[in-house]
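Commentary on secondary and tertiary structure
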Amino acid sequence: MKRVWSFLLGVYVAGMAYGGLTLIWGPKGYLQYQHLLAYKVKLEANVNQLEDYHSDLALHAKSLASDRKAVMLAARELGYYQDDEGRIVLENGYKPTSSGSFAVGAFIKPYESEQSPVFVLKLVAIFMGAVVTLLTWNFFTSEGKKR
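The paragraphs below set out a description of the structure included in this document. (Residues numbered from 1 in each chain as written. Predicted model: local features only at pLDDT ≥ 70, side-chain atom pairs only at ≥ 80, totals over all residues. Heavy atoms only, no water.)

**Here we look at the overall build of the chain**
Our working rule: A run of H or I in DSSP counts as a helix once it spans at least four residues, and a run of E counts as a strand once it spans at least two, with each numbered from the N terminus. Each residue gets one of three labels from its accessible area relative to the maximum for its type: buried under 20%, exposed over 50%, partly exposed in between, using a 1.4 Å probe on protein chains only. In this description, contact between two residues means that some pair of their heavy atoms is separated by no more than 4.5 Å.
Counting its regular elements, the chain contains four helices and zero strands. Each helix and strand of the chain, ordered N terminal to C terminal, gives the series α-α-α-α. Across the 147 residues of the chain, 12% fall into the buried class. Once local pairs closer than 6 in sequence are excluded, the contacts in the chain between residues at least 24 apart make up 80%.

Put into structure tokens, the structure is as follows:
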């Protein structure tokens, strides 16, 4: 009868170990939740940046619709010049940078979960249960020999 209790204790320990390990490292565990929260923060920052960019574009479009000088500057950036104007190319290879370029979706990668394999958690739990079973098995049998 003591061996049955030893086996049941080992099964109980294995189940509790698997539950604890899954709670922390499982596919829906604490570490996965923290990873998901960090991804949420990145997405919120990206949405805020896109909203700022949208408002800047709306102001730029409004100025292009109403201001002649803004249209002329935009045309110069695209390479259109008036008859008495031209482009200056320096010998050291200076190239004007394209400021304000924005690639939507280039900042945030799609969400990928970092899961530990569930079978490893199961193996660790079974190993812990087997160790407890063997330790209690030997403990109960040595107790019986002393009496």
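**Some details on a nonpolar patch on the surface**
Selection criterion: Nonpolar side chains (Val, Leu, Ile, Met, Phe, Trp, Tyr) within 5 Å and like charges within 9 Å form the patches, drawn only from residues with over 30% relative accessible area and no salt bridge. Only the protein chains shown count as cover for residues, and all accessible areas are computed by the Shrake-Rupley method using a 1.4 Å probe. Counted as salt bridges are all cases of a side-chain nitrogen of Lys or Arg within 4 Å of a carboxyl oxygen of Asp or Glu.
Together, Phe 119, Val 120, Leu 123, Val 124, Phe 127, Met 128, Val 131 and Leu 135 make up an exposed nonpolar region whose accessible area comes to about 750 Å². On the secondary structure map, Val 120 appears in helix H4 (residues 118–146). Looking at Val 120, the relative accessible area reads 37%, which means it is partly exposed.

**A look at helix H3 (residues 68–77)**
Under the convention used in this document: N or O atoms within 3.5 Å of each other form a polar contact, as long as, within protein, one can give a hydrogen and the other can take it, and as long as residues adjacent in sequence are counted only when both atoms are side-chain atoms.
The N-cap residue of H3 is Asp 67: its side-chain oxygen and the backbone nitrogen of Lys 69 are 3.4 Å apart. Phi for Gly 79, located one or two positions after H3, is positive at around 100 degrees.

**A look at the environment of Trp 25**
On the secondary structure map, Trp 25 appears in helix H1 (residues 2–25). Of the residues examined, Trp 25 reaches a relative accessible area of 42% and is grouped as partly exposed. Taking C-alpha positions, Trp 25 is 8.2 Å from Leu 121, a pair spaced 96 residues apart along the chain.

**Considering helix H2 (residues 30–66)**
To keep things clear, this is the line we draw: Given a helix with a known number of residues, its expected span is that number minus one, times 1.5 Å.
Between its terminal C-alpha atoms H2 stretches 54 Å, which fits the 54 Å expected from 37 residues at 1.5 Å a residue. For H2, the full list of buried residues reads Gln 32, Tyr 39 and Asn 46.

**Observations concerning the environment of Leu 36**
Along the chain, Leu 36 falls in helix H2. Put simply, Leu 36 and Tyr 111 are 75 residues apart on the chain and 8.2 Å apart in space, counted from C-alpha to C-alpha.

**Examining the packing of H2 against H3**
Stated precisely, the cut-off is as follows: Interaxial angle, 0 to 180 degrees, is taken between N-to-C directions of lines fitted to C-alpha atoms, where a helix line uses only the stretch in contact. For classification purposes, an angle smaller than 35 degrees is called roughly parallel, one larger than 145 roughly antiparallel, one from 65 to 115 roughly perpendicular, and anything else oblique. By the convention adopted, Pro, Cys, Tyr, Trp, Phe, Met, Ile, Leu, Val and Ala count as nonpolar, Lys, Arg, Asp and Glu as charged, and the other residues, Gly among them, as polar.
Packing of H2 against H3 leaves a shortest axis separation of 6 Å and a crossing angle of 110 degrees. When the interaxial angle is binned, H2 and H3 end up roughly perpendicular. Along its contact with H2, which presents Ser 63, Leu 64 and Ser 66, the element H3 presents Arg 68, Ala 70, Val 71 and Ala 74. Residues that form the contact of H2 with H3 fall into these classes: four nonpolar, two polar and one charged.

**Some remarks on the side chain of Thr 136**
Looking at where Thr 136 falls in the secondary structure, it is placed in helix H4. Separated by 2.6 Å, the side chains of Thr 136 and Ser 6 make a polar contact. In terms of polar contacts, Thr 136 uses its side chain to reach the backbone carbonyl oxygen of Thr 133, at 3.1 Å. Each residue touching Thr 136, except ones within four places of it in the same chain, is listed here: Ser 6 and Leu 9.

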